[in-house]
Amino acid sequence: MVKYFLGQSLLRSSWDQVFAAFWQRYPNPYSKHVLTEDIVHREVTPDQKLLSRRLLTKTNRMPRWAERLFPANVAHSVYILEDSTVDPQNQTMTTFTWNINHARLMVVEERCVYCVNSDNSGWTEIRREAWDSSSLFGVSRAVQEFGLARFKSNVTKTMKGFEYILAKLQGEAPSKTLVETAKEAKEKAKETALAATEKAKDLASKAATKKQQQQQQQFV
């Protein structure tokens, strides 16, 4: 049997702001259980979607009754894979996460869709689904209940952490959209290339003048 969770959250920030904050969520005061995060794969598809895979390490304290079922040397950290697909054209981001160790005890899979809120285009809506399963004979129901309770607690921490990072980012500098950021980067690249071209022309001109002067001195 699988426990299913369906929920919806709202962030009073634009999709662009939430997208930027998503990659800067850690560390924050509400994510002390998140130990590490590493990007293991990233690519841009021909239709301009950003695909990423991250590996996260989180603390995973088991309930006391569950600790009796496992050896003392079993790792208390859980490794989580997170696949994400970002579609900037339609302003959606979909993430799918699941744990790759402690699978015998419990597997928690989560799918989130970040999109523009239909009632307020300046807000972002998060639609969240989760599936909690356990293969432990005799205690699977208790494990699933524990896992679901912890998942709900972590969702609360996740949202508080999101709000903290969004406030921090917006307080440090005015927020910019993806289009504006890309445009500024493109303009800056053009300016750099133009400056480099002008400098190269100037150096070439000076070198040619110097060579001409040297040749004139040889004939004097």
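Let me sum up the structure you'll find in this document.

The rules behind each value
Residues numbered from 1 in each chain as written. Predicted model: local features only at pLDDT ≥ 70, side-chain atom pairs only at ≥ 80, totals over all residues. Heavy atoms only, no water. Helix = DSSP H or I, 4+ residues; strand = E, 2+ residues; numbered from the N terminus. Buried < 20%, exposed > 50% of the residue type's maximum accessible area, 1.4 Å probe, protein only. Contact = heavy atoms within 4.5 Å. Areas by Shrake-Rupley, 256 points an atom, 1.4 Å probe, with all protein chains shown as cover. Pairing = 2+ DSSP bridges. 1 Å grid on protein atoms, 1.4 Å probe; cavity = no way out; pocket = protein on both sides within 12 Å on 5 of 7 lines; lining within 4 Å. Points joined across faces, edges and corners; volume = space filled by probe spheres on them. Nonpolar A, V, L, I, M, F, W, Y, C, P; charged D, E, K, R; others polar. Lys, Arg positive; Asp, Glu negative; His and termini not counted. Salt bridge = Lys/Arg side-chain N within 4 Å of Asp/Glu carboxyl O. Polar contact = N/O pair within 3.5 Å; in protein donor to acceptor, adjacent residues only side chain to side chain.

1. Here's the deal with the overall build of the protein chain
Tallying secondary structure elements over the protein chain gives four helices and seven strands in all. Taken across its 220 residues, the protein chain has 33% of its residues classed as buried. For the protein chain, the share of sequence-separated contacts (at least 6 apart) that also reach a separation of at least 24 residues comes to 57%. Carbon and sulfur atoms form 54% of the exposed surface of the protein chain, whose accessible area is close to 14300 Å².

2. Details of the pairing of strand β6 (residues 107–116)
Relative to β6, strand β5 (residues 92–99) runs antiparallel, the two being bridged by seven bridges. When the sheet's bridge partners are listed, T92 is paired in β6 with C115.

3. Regarding the pairing of strand β2 (residues 34–44)
Each regular strand carries side chains that alternate between the two faces of the sheet. Pairing of β2 with strand β3 (residues 50–59) involves nine bridges; the strand directions are antiparallel. Across the sheet, D38 pairs through a bridge with L55, a residue of β3. Counting the residues in the hairpin turn of β2 and β3 gives five residues, including Q48, whose phi is positive at 65°.

4. A short note on the layout of surface pockets
Here the largest pocket defines a volume of roughly 850 Å³. If you trace the largest pocket, you find 39 residues lining it, with H33, K58, I80, F151 and N154 closest to the centre. Elements with a contribution of two residues or more to the lining of the largest pocket: β3, β4 (77–87), β5, β6 and α3 (140–172). With ten residues, α3 is the largest single contributor of residues to the lining of the largest pocket. Along the lines of polarity and charge, the residues of the lining of the largest pocket split into 16 nonpolar, 14 polar and nine charged.

5. Focus on the side chain of D87
Within the secondary structure, D87 sits in strand β4. Look at D87: it is buried, it has no salt bridge, and the nearest opposite charge is K49 at 4.3 Å. Among the polar contacts made by the side chain of D87, one reaches the main-chain amide nitrogen of Q89 at a distance of 3.2 Å. Discounting residues that sit within four places of it in the chain, D87 has contacts with W15, K49 and T92.

6. Thoughts on empty space enclosed by the protein
A full pass over the atoms with the stated rule returns two cavities of 30 Å³ or more. Of the volumes computed, that of the second largest cavity is approximately 30 Å³. Lining the second largest cavity are V108, A130, W131, D132, G147, L148 and F151. Those elements that provide at least two residues to the lining of the second largest cavity are β7 (124–133) and α3. Its residues placed into classes, the lining of the second largest cavity shows five nonpolar, one polar and one charged.

Honestly, that's just the spatial picture; any functional story needs more than this.
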